[in-house]
Amino acid sequence: MIAALVAVILAAFFWSPFSNYPISLGVMKVYSGLHVRESIMAEKGIELSIPGGGVTEEDDWYPFVMTFNDDAGFQRFTGQSDLKLTILYNFPAFDMRKGCSRLFDSGSPYYNGFYGAYLVCREEGSRETKPYGFLSDGSIDLKATAQVPQFDFQNLVLRDFGIQREQLVFDWKIGRVKENAEYGGISGWTQVDAVLTVNGVFHQRTRFCRSYLQYGSPADSWQGEEFAPIDMVGRVYGRYFEEWDTSVFFYVLAADMAVLESCDEKILSQSVLR
């Protein structure tokens, strides 16, 4: 009787929204760890630590930053067959009552938000000598500042949710550019602020998506137009590191400027890169 009762309780827990958060934590710790081993950081001996949401008092972001590699996908997207890409990313915290990330909550200031870093380098033996994301004179390529976020958001986030190619929207307009900025105790960064219009991630749950393992699935009580475009703000810090032959870009994307500024000041700028 006791064993049967325990089995019923466990089954009820795993089928309830409350199970989504611990499942996410467990799955993403393991999955991210596997990608860390194959990352540009591991290959080049780079130490990069970006704080998670646990460093602030607010219920803002997921507890830890995750790692994902997609060389082949980024090569197809850019048409450059020698590029390697590692993404470090974090997304909004879970709404524990809904059993999913506020990433899906169009009424939240954290809707559609992400922060983290992109590392891009060329494969060993590449004939291309110019580092990705930078022009021949060493200045940042402003067009490239949008290229990785667009690939990431459209190909790695929205695609798994079932968006159709003809629905995709990504309009990136550069605002302020600040050169020779200091960030995370390192000088020589270029800061690029932009405004953008992109698809929102809200959609009705109709099937299982692998991404639901990390974000949870959209709450039934959240309503709206699927993938409706929204206006957002973005900030990118870019710098090429000759000692690693790698371009590094820190980024924040948010639907609310206050969220962007808070994330930049309290979390992302506290990153350690060495």
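Going by the structure above, here's the rest.
Residues numbered from 1 in each chain as written. Predicted model: local features only at pLDDT ≥ 70, side-chain atom pairs only at ≥ 80, totals over all residues. Heavy atoms only, no water.

1. Some details on the packing of aromatic side chains
Per the counting criterion, the structure on display carries 28 aromatic pairs. A centroid spacing of 5.4 Å and a plane angle of 55° characterise the contact between Trp 189 and Phe 250, whose relative ring orientation is tilted. Placement of Trp 189 in strand β8 (residues 186-199) and of Phe 250 in strand β10 (residues 246-254) is noted, with a sequence separation of 61 residues between them. Taking relative accessible area as the criterion, Phe 250 reaches 3% and is therefore assigned buried. Taken together through their ring pairs, the aromatic side chains of Tyr 21, Tyr 62, Phe 64, Phe 91, Phe 94, Phe 104, Phe 114, Phe 153, Phe 161, Tyr 212 and Tyr 215 make up a single cluster. Over the aromatic face of Phe 241 sits the side chain of Arg 239, whose NZ or CZ is 4.3 Å from the ring centroid. (Phe/Tyr/Trp six-rings, centres within 6.5 Å; stacked < 30°, edge-to-face > 60°. Helix = DSSP H or I, 4+ residues; strand = E, 2+ residues; numbered from the N terminus. Buried < 20%, exposed > 50% of the residue type's maximum accessible area, 1.4 Å probe, protein only. Lys NZ or Arg CZ within 6 Å of the ring centre and 35° of its normal.)

2. Points about helix α5 (residues 144-161)
Across its 18 residues, α5 extends 25 Å between first and last C-alpha, which sits within 8% of the 26 Å expected from 1.5 Å per residue. Judged by how many residues are buried, α5 sits mostly within the fold: 13 of 18 residues are covered. Just downstream of α5, Gly 162 is the residue with a positive phi angle, here 100°. (Expected span 1.5 Å × (residues − 1).)

3. Notes on the sheet that holds strand β6 (residues 114-122)
The seven strands are arranged β2-β3-β6-β10-β9-β8-β7 in an open sheet whose pairing can be described as antiparallel. Two strands bound the open sheet, and with one partner strand each, they are β2 (66-69) and β7 (170-183). Here the average twist between neighbouring strands, direction ignored, is 20°. With eight bridges connecting them, strand β3 (residues 83-90) and β6 associate as antiparallel partners. Each residue of the ladder has a partner; that of Ile 87, found in β6, is Tyr 118. In the packing of helix α7 (residues 257-266) onto the sheet, the strands contacted are β6, β7, β9 (229-241) and β10, and the crossing angle to β9 comes to about 25°. (Pairing = 2+ DSSP bridges. Axes fitted to C-alpha atoms, helices over the stretch in contact; angles between N-to-C directions. Contact = heavy atoms within 4.5 Å.)

4. Quick notes on a nonpolar patch on the surface
Side chains of Val 27, Tyr 31, Phe 208 and Leu 213 sit close together on the surface and give an oily, nonpolar patch of about 350 Å² of accessible area. With respect to the helices and strands, the residue Val 27 is situated in helix α2 (residues 20-37). (Patch = residues over 30% accessible without salt bridge, like charges linked within 9 Å, V, L, I, M, F, W, Y side chains within 5 Å. Areas by Shrake-Rupley, 256 points an atom, 1.4 Å probe, with all protein chains shown as cover. Salt bridge = Lys/Arg side-chain N within 4 Å of Asp/Glu carboxyl O.)

5. Section: the nonpolar core
With 51 residues, the main nonpolar core has Tyr 89, Phe 114, Phe 161 and Val 201 as its most contacted residues. At eight residues, α5 tops the list of elements feeding residues into this core. The contact partners of Phe 114, leaving out residues within four places of it in the chain, are Trp 61, Tyr 89, Asn 90, Phe 91, Leu 103, Phe 153, Val 157, Tyr 215, Tyr 251, Val 252 and Leu 253. Judged by nonpolar contacts, the second largest core, of 31 residues, contains Cys 121, Tyr 183, Val 252 and Cys 263. (Core = buried A, V, L, I, M, F, W, Y, C linked by side-chain atoms within 4.5 Å.)

6. Focus: the pattern of salt bridges
On inspection of all chains with the given rule, the structure shows twelve salt bridges. For Asp 220, the salt bridge identified is with Arg 205, shortest N-O distance 2.7 Å. A residue pair is termed long-range when its members are at least 10 positions apart, and Asp 220 in the loop between α6 (212-215) and β9 and Arg 205 in the loop between β8 and α6 qualify at 15 residues.

7. A look at the side chain of Asp 105
Checked against the element boundaries, Asp 105 lands in the loop between β5 (100-101) and β6. For the buried Asp 105, no salt bridge exists, and the shortest N-O distance to an oppositely charged side chain is 5.5 Å, to Arg 102. In terms of polar contacts, Asp 105 uses its side chain to reach the backbone amide nitrogen of Gly 107, at 3.0 Å. Setting aside its immediate chain neighbours within four residues, Asp 105 contacts Tyr 111 and Trp 222. (Lys, Arg positive; Asp, Glu negative; His and termini not counted. Polar contact = N/O pair within 3.5 Å; in protein donor to acceptor, adjacent residues only side chain to side chain.)

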